[in-house]
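Next come the chains, spelled out residue by residue.
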Amino acid sequence: MQEYRVVSSLQPVRGTHDLIGEDRRRFTHVVETARRIVGLYGFDEWATPVFEDTRVFSRSLGDTSDVVSKEMYTFEDRGGESLTLRPEGTAAICRALVTNGLTQSLPQKVFYAGPMFRYERPQKGRYRQFHQIGAELLGAAEPLADAEVIAMGRDVLQGLGIAHDVVLELNTLGDMASRDAWRTALIAYFSERRAELSPDSQARLERNPLRILDSKAAQDRALLADAPMIADFLTPDARTFWDDLRRTLDVMGVKFRENPRIVRGLDYYGHTAFEFVTERLGAQGTVLAGGRYDGLVAEMGGPATPAIGWAGGIERLSMLLEDIPAEPRPVAVIPMGADAQAAAITVLQAMRGAGVRAETSYRGNMKRRMERANRMNATHAIVIGSDEIARGVVQVKDLDSGQQTEVPMDGVAAFLLSGTPKKA
Ligand code: ATP
Ligand code: MG
């Protein structure tokens, strides 16, 4: 006989979780709702691999970003290549746009959903394997594209029934010239206060001072109130873009709050930056966030391609859901005695073929099987014995009312779907 070694201490890896029952249903509801709504905007779903050449992320996120410097799951595979479990979806979608030769067929409107991996300190709403829904609109430079993508995010939250708990915070990062001027001012401001900055932000100071604005360290946040604002550095073009975007959002009826502190963590963002935030999840309050990233496709080796997108955390969105649609209740098929087994299986498969959720017990007497039918919250029990088989009928018992109806064997599905018996 085969011997099994018993491993008694296996647990899911820190920061990962199983999705079972209600958790899984909430999760699925988020993805399916998003899928339906982005379809209304003409977005198609793409799926890219869970791991990529490390350069897809190190190049795109820049090696000063927290994600690249501290959070990536990077490993060498058996062939000696450096691979990384994807920490986010945008870079992979841009890589896929380029490697599939789609930079000539723009715009592309892309939706994705799947797991992401970051080595973070696990806490409520923050995991090491988490999941995102995301949307990218590649190949459109107009503020209307930004407005559509943001409106679509709002519609997803509305479709999930959580829009009333979430506020859209919006900012502009301006164009390159605006950001250069702003960066210079930020470096001057923070350099004077260097000693008060967190060690992380001291390191960010030369390479990417914008990121200090995104810092979660309390000592950094204390310095932000008086820091230079992008609004004072916008070029006329950048200002026109910003005005257009806000006007279009007004036309679309998308409410927002301007927040000059929204910067997005990554290097390649410009113009639009936004976050949908809630107060219901404590420190992990951002449920869906995004912005414009006109430089990223070029960094992946493609032609300069303007783009805008967002990503939403499925776990955080799931936590906000109130009621999710209930699973359909099954019917239970119950054979009386071994002789009725074959007929019961035939009815069972006919139910499923007609689109009725149907289950049967694998063992047990009539009483046990009835108990099980009630436990699975079945709407009906379909009881079949040798007398029924001889007459070509079944007994359909409504488990809510207790009412029993004799129904022809080939008319059960029609009866269950319409509620009236079909005469033989
Ligand atoms: P945060 O500021 O919370 O770290 P982020 O700026 O790193 O978020 P993004 O890279 O913009 O997050 O990802 C988009 C969304 O994905 C976030 O708004 C959040 O809802 C979700 N998310 C990001 N990291 C995690 C994580 N470790 N666990 C669960 N959800 C996450
Ligand atoms: Mg983060």
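To start, this report covers the structure provided alongside it. Only a predicted model underlies this, so the values are computations on that prediction, with no experimental measurement involved.

Analysis parameters
Residues numbered from 1 in each chain as written. Chains lettered and ligands numbered in written order. Predicted model: local features only at pLDDT ≥ 70, side-chain atom pairs only at ≥ 80, totals over all residues. Heavy atoms only, no water. Pairing = 2+ DSSP bridges. Helix = DSSP H or I, 4+ residues; strand = E, 2+ residues; numbered from the N terminus. Axes fitted to C-alpha atoms, helices over the stretch in contact; angles between N-to-C directions. Near = heavy atom within 4 Å. Polar contact = N/O pair within 3.5 Å; in protein donor to acceptor, adjacent residues only side chain to side chain. Areas by Shrake-Rupley, 256 points an atom, 1.4 Å probe, with all protein chains shown as cover. Nonpolar A, V, L, I, M, F, W, Y, C, P; charged D, E, K, R; others polar.

Take the sheet that holds strand β3 (residues 73–76) next. Spatial ordering of the open sheet is given by β2-β4-β3, a layout of three strands whose pairing is antiparallel. Two strands lie at the open edges of the sheet, namely β2 (51–53) and β3, each paired on one side alone. For this sheet, the mean inter-axis angle between neighbouring strands, taken without regard to orientation, is 35 degrees. Pairing geometry for β3 and strand β4 (residues 82–85), over four bridges, is antiparallel. Residue pairing across strands places Y73 opposite L85, the latter belonging to β4.

If you check the shell around ligand 1, you find 14 residues, and the closest are R118, E120, R126, Y127 and T286. Within the side chain of E120, a nitrogen or oxygen atom sits 2.6 Å from a nitrogen atom of ligand 1. Note that an oxygen atom of ligand 1 is positioned 2.9 Å from one of the side-chain N or O atoms of R126. If ligand 1 stood free it would expose 580 Å²; the protein chains cover 87% of that surface. Taken together, the elements giving at least two residues each to the shell around ligand 1 come down to β6 (129–138), β10 (286–292) and β11 (307–313). Of the residues assigned to the shell around ligand 1, the class counts are four nonpolar, four polar and six charged.

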